[in-house]
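Reading the structure
Listed below, chain by chain, are the residues.
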Amino acid sequence: MGKKITIEPVTRVEGHGKVTIRLDDAGRVTESRFHVVEFRGFERFVQGRPYWEAPVLVQRLCGICPVSHHLAAAKAMDVVVGTGPGKLPVTAEKMRRLMHYGQMFQSHALHFFHLASPDFLLGLDADPAVRNVIGIIGLDKGLATQAVLMRKFGQEIILATAGKKVHGTGAIPGGINKNLAPEERDRFLKSPDGLTVDRMIEWARAAIELFKGYHAKNKDLVDGFAAFPSNHLSLVRKDGALDFYHGVLRAVDADGRKVLGDVDYQDYLSYIGEETRAWSYMKFPYLRSLGKAAGWYRVGPLARLNTCDYIPSPLAQKEFEAYKAYTDGKPNNMSLHTHWARLIELLHAAEVIKELLLDKDLQGGKLVRTGRRAPEGVGLIEAPRGTLFHHYRVSADDQITMANLIVSTTNNNESMNRAVDWVARNVISGRPEITEGMLNRVEVAIRAYDPCLSCATHALGRMPLEVTLVDAAGRVRQRKVR
Amino acid sequence: MSKPVIATASLAGCFGCHMSFLDIDERILPLVELVEFNKSPIDDIKKFSKPVDVGLIEGGCCNSENVHVLRDFRKNCKVLVSVGECAIMGGLPALRNSIPLRECLEEAYLNAPTVDPAERIIPNDEELPIILDKVYPCHEIVKIDHFLPGCPPSADLIWEALNALIEGRPLHLTYDLIKFD
Ligand code: SF4
């Protein structure tokens, strides 16, 4: 008799996402699905709101990376007010960059230390009661303090540029509403409490070493776990450099061939399609040129380091070279290497923050500019978890008439499903009993993509898991909760 | 004396309130020694394993699961606190309250410009929970003892309120703590 296993990562209880795995009589996996069960209706209720509200409204979809939504909406509205790419006052563009790199820094630090490191430091099979950030505080107070302070530093940068740590108001269509005062800047360069950008660079380098040490001892796991070929998509700067704030859209396939060549994202509708499946509120994006079956792609740190040609900051570039050498310059398709890529980006973010802090343009006085109105605008940004698309149409009387969003996690929908399927087939299939460690492996696969819908896990701890074995008659045969 | 027990949940929120809680920064280190966390995204505890002193709720109720969790919190927490605008009055998700749910679904799935017109469907699988007709603030579902305003409430506000509740003293919320945006 066939069985169904339901894993609810953020549980039925939290209602964000869950996994269902169906088994045949012999306990072999026949199908696995990663469902997203949240629905907000944003596309409809934003209609009729004045366009300038978008940057402050939309970020309330996500309190984990509000800056990304804030800026993607602002970039789309820049186009609407006639100050699209390259036309913002230089102070505005650089303040926004600082805000964004501050967020990249805090988000990447949070993800690695609070969320992923317990698996590395305490082990995949460790008691779940301690395999969380509280366990890390117990294990290594110094490291936990560092994690808290790195996140704090990024949040303080956001506060200085956006006005608030969560849901700020800094970016407005056509510009920014403040510059950076010299006192604010100096705090980050030489703070008396030692929380300086140089310290952050040092700690980011140490985090990379921490990961490399783990990798050296666990090569089979890190290289083999949920590894599968895919396309990779991100923005890159016009010259091919890594850039989180702006660029052209590029995609490469698993072997590194360009499948989408450096196009202007204002035309994203020509290149990106989405498929809806009945069992998830999250759509499945794909590259139109390759079609639904072959056109799915990954986004995020792993994808970005596959699409870009180099990193425009010296220390991160050095790490990038070592990272690329590991795969002989070919795209990296190993899910757990996302953590390595994320930490290289963490270092890069810190280097860029330093560069911007030293830039006198941040004290400039020209903050806003407007030009010729346009009826619609598209804003893209590289959010911590990957490419984020915002697209709005605005009527002549300033009301939003259409909104279409493809969030980073949606772009990774197929990849996360593949990663779950990999674990289902390689770890769970054909085993007589489901152990806690097996369940955690499902989470580890999802966690590598840092999905925003499992915000719960971001915040501090781990996804609660519930697994139920149900036979074809609908009777519960085994239930595991932890 | 045993440690005070705390639990937290995110219903139809954005997790920004939990983020603001995290913005207490270094104070989190002594906090985890002062209190015991029960059911919360902070740890792995999924079911209440003992009576809880203070429950913090982020987000209102937009689907059947949210209502279920909220009732469970009320049953298990001595003091229940609505944290942030979403819990207090629905917040941003409640912008859909004046619009029929069907229209929201249609806009997201049947009018999406990225989806080919011939293939537009609305998800309807049995695995998906039931969406409520509108978004409800928490106090319309269960009794709430305290309300912390803000979107999100500042870290200092959450810190002061939590300490007062743990120590059993009245909340002293000055203007600068509750003022936001
Ligand atoms: S009140 Fe604001 S910060 Fe809190 S969950 Fe709601 S939108 Fe997010």
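Residues numbered from 1 in each chain as written. Chains lettered and ligands numbered in written order. Predicted model: local features only at pLDDT ≥ 70, side-chain atom pairs only at ≥ 80, totals over all residues. Heavy atoms only, no water.

**Concerning the overall build of chain B**
Quick note on the threshold: Put simply, DSSP marks the helices as runs of H or I at least four residues long and the strands as runs of E at least two long, and each gets a number from the N terminus on. Exposed residues in this analysis have more than 50% of their type's maximum accessible area, buried residues have under 20%, and partly exposed residues fall in between, with area computed by a 1.4 Å probe over protein chains only.
When helices and strands are counted, chain B shows 7 helices and 7 strands. The helix and strand sequence of chain B, counted from the amino end, reads β-α-α-β-β-β-α-β-α-α-β-β-α-α. For chain B, the spread of C-alpha atoms along the principal axes amounts to about 65 × 35 × 30 Å. Looking at chain B residue by residue over its 181 residues, the buried ones come to 60%.

**Overview of the overall build of chain A**
Quick reminder of the rule: Should any heavy atoms of two residues lie within 4.5 Å, those residues are considered in contact. For the accessible areas, the method is Shrake-Rupley and the probe is 1.4 Å, while residue cover comes only from the protein chains on display.
Across its full length, chain A holds 19 helices and 16 strands. Buried positions account for 67% of the 482 residues belonging to chain A. Long-range pairs, those at least 24 residues apart, make up 68% of the contacts in chain A with a sequence separation of at least 6. In the form shown here, chain A has an accessible surface area of approximately 15,200 Å², with 52% of it arising from carbon and sulfur atoms.

**Concerning the sheet that holds strand β7 (residues 146-148) of chain B**
Residues and elements named next belong to chain B. Note the following rule: In short, DSSP must find at least two bridges between two strands for them to pair.
Taking strand neighbours across the sheet as the criterion, the 5 strands line up as β2-β1-β3-β5-β7 in an open arrangement whose pairing is parallel. Because the sheet does not close on itself, it has two edges, and the strands there are β2 (36-37) and β7. With 3 bridges connecting them, strand β5 (residues 77-83) and β7 associate as parallel partners. Within β7, the residue paired with V83 across the bridge is L148.

**Points about the environment of P153(B)**
Residues and elements named next belong to chain B. Structurally, P153 is set in the loop between β7 and α6 (155-167). Each C-alpha atom, one on P153 and one on H18, is 9.7 Å from the other, the two residues being 135 residues apart in sequence. When residues no more than four places from it in sequence are discounted, the contact partners of P153 are C17, S20, V83, G84, L148 and I158.

**Description of helix α5 (residues 101-109) of chain B**
Looking only at α5(B), the buried set comprises L101(B), C104(B), L105(B), E107(B), A108(B) and Y109(B). Buried-residue contacts for α5(B) involve α2 (42-45) and β14 (400-406) of chain A together with β6 (131-136) of chain B.

**Topic: the side chain of N332(A)**
All names here are of chain A. Structurally, N332 is set in the loop between α14 (314-326) and α15 (337-357). Taking the relative accessible area as the measure of exposure, N332 reaches 1% and is therefore buried. Residues contacting N332, with those up to four places away along its chain left out, are H232, L302, N306, Y323, T327 and H337.

**Focus: the sheet that holds strand β12 (residues 376-383) of chain A**
Residue and element names in this part refer to chain A. So the rule is basically this: What counts as an axis is a line fitted to C-alpha atoms, over the stretch in contact for a helix, and the angles between N-to-C directions run from 0 to 180 degrees.
Spatially, 3 strands are ordered β12-β13-β14 in an open sheet, and the strand pairing comes out antiparallel. With partners counted over all chains shown, the strands left at the sheet margins are β12 and β14, one partner each. Each strand of the sheet is rotated relative to its neighbour by a mean of 15°, with strand direction disregarded. With 8 bridges connecting them, β12 and strand β13 (residues 386-394) associate as antiparallel partners. The partner of L380 across the bridge, within β13, is F389. Across the sheet, helix α4 (residues 66-80) lies against β12, β13 and β14, angled at about 150° from β12, the strand it touches most.

**Section: helix α7 (residues 141-162) of chain A**
Residue and element names in this part refer to chain A. Under the convention used in this document: In this analysis, the expected span of each helix is defined as 1.5 Å times one less than the number of residues it contains. N or O atoms closer than or at 3.5 Å make up a polar contact, with two conditions inside protein: a donor-capable atom paired with an acceptor-capable one, and, for residues adjacent in sequence, both atoms drawn from side chains.
End to end, α7 covers 31 Å across 22 residues, agreeing with the expected 32 Å (1.5 Å per residue, within 8%). Among the 22 residues of α7, 18 are classified as buried, and the element is accordingly described as predominantly covered. A side-chain oxygen of the first residue of α7 lies 3.2 Å from the backbone nitrogen of G142; this N-cap is D140. Remark: G163 follows α7 within two positions and exhibits a positive phi of approximately 95°.

**Some points on a nonpolar patch on the surface**
Stated precisely, the cut-off is as follows: Note on patches: the residues involved have over 30% relative accessible area and no salt bridge, like charges join within 9 Å, and the nonpolar side chains Val, Leu, Ile, Met, Phe, Trp and Tyr join within 5 Å. The working definition used for a salt bridge is a side-chain nitrogen of Lys or Arg within 4 Å of a carboxyl oxygen of Asp or Glu.
A cluster of nonpolar side chains, L121(A), L139(A) and L210(A), forms an exposed patch at the surface whose accessible area comes to about 230 Å². Of note, L139(A) is situated in helix α6 (residues 133-139).

**Quick notes on the confidence of the model for chain A**
Residues and elements named next belong to chain A. This is how it is decided: Values of pLDDT, ranging from 0 to 100, describe the predictor's confidence in every residue of the model.
Confidence along chain A averages 84 in pLDDT terms, with 85% of residues attaining 70 or more. In the model, residues 8-15 has pLDDT below 50 throughout and makes 37 contacts with residues more than four positions away in sequence or in other chains. The model gives residues 453-465 a pLDDT under 50, and that stretch makes 74 contacts with residues more than four places away or in other chains.

**Side note on the environment of A341(A)**
Residues and elements named next belong to chain A. Tracing the sequence through the fold places A341 in helix α15. A341 sits 21 residues away from F320 along the chain, and the two C-alpha atoms are 8.2 Å apart. Those residues in contact with A341 that lie beyond four places of it in its chain are P301, L302, L305 and Y323.

**Quick word on the pattern of salt bridges**
Residue and element names in this part refer to chain B. All told, the structure shown has 39 salt bridges over all chains when counted by the stated rule. For D53, the salt bridge goes to K78, with nearest N and O atoms at 2.7 Å. Highlighted residues: D53 in strand β3 (residues 52-58) and K78 in strand β5, separated in sequence by 25 residues. You can call K78 exposed: its relative accessible area is 56%.

**Some words on the nonpolar core**
Most often, soluble globular proteins have nonpolar side chains that are buried together. To be explicit about the condition: What makes a nonpolar core is a set of buried Ala, Val, Leu, Ile, Met, Phe, Trp, Tyr and Cys residues whose side-chain atoms join them at distances within 4.5 Å.
Core analysis: the largest hydrophobic core is formed by 96 residues, its most contacted members being F105(A), M150(A), L305(A) and I353(A). Not counting residues within four places of it along the chain, the set of residues in contact with F105(A) comprises M150(A), F153(A), G154(A), M200(A), L346(A), A349(A), A350(A) and I353(A). With 34 residues, the next largest nonpolar core counts F15(B), C17(B), A155(B) and I158(B) among its residues.

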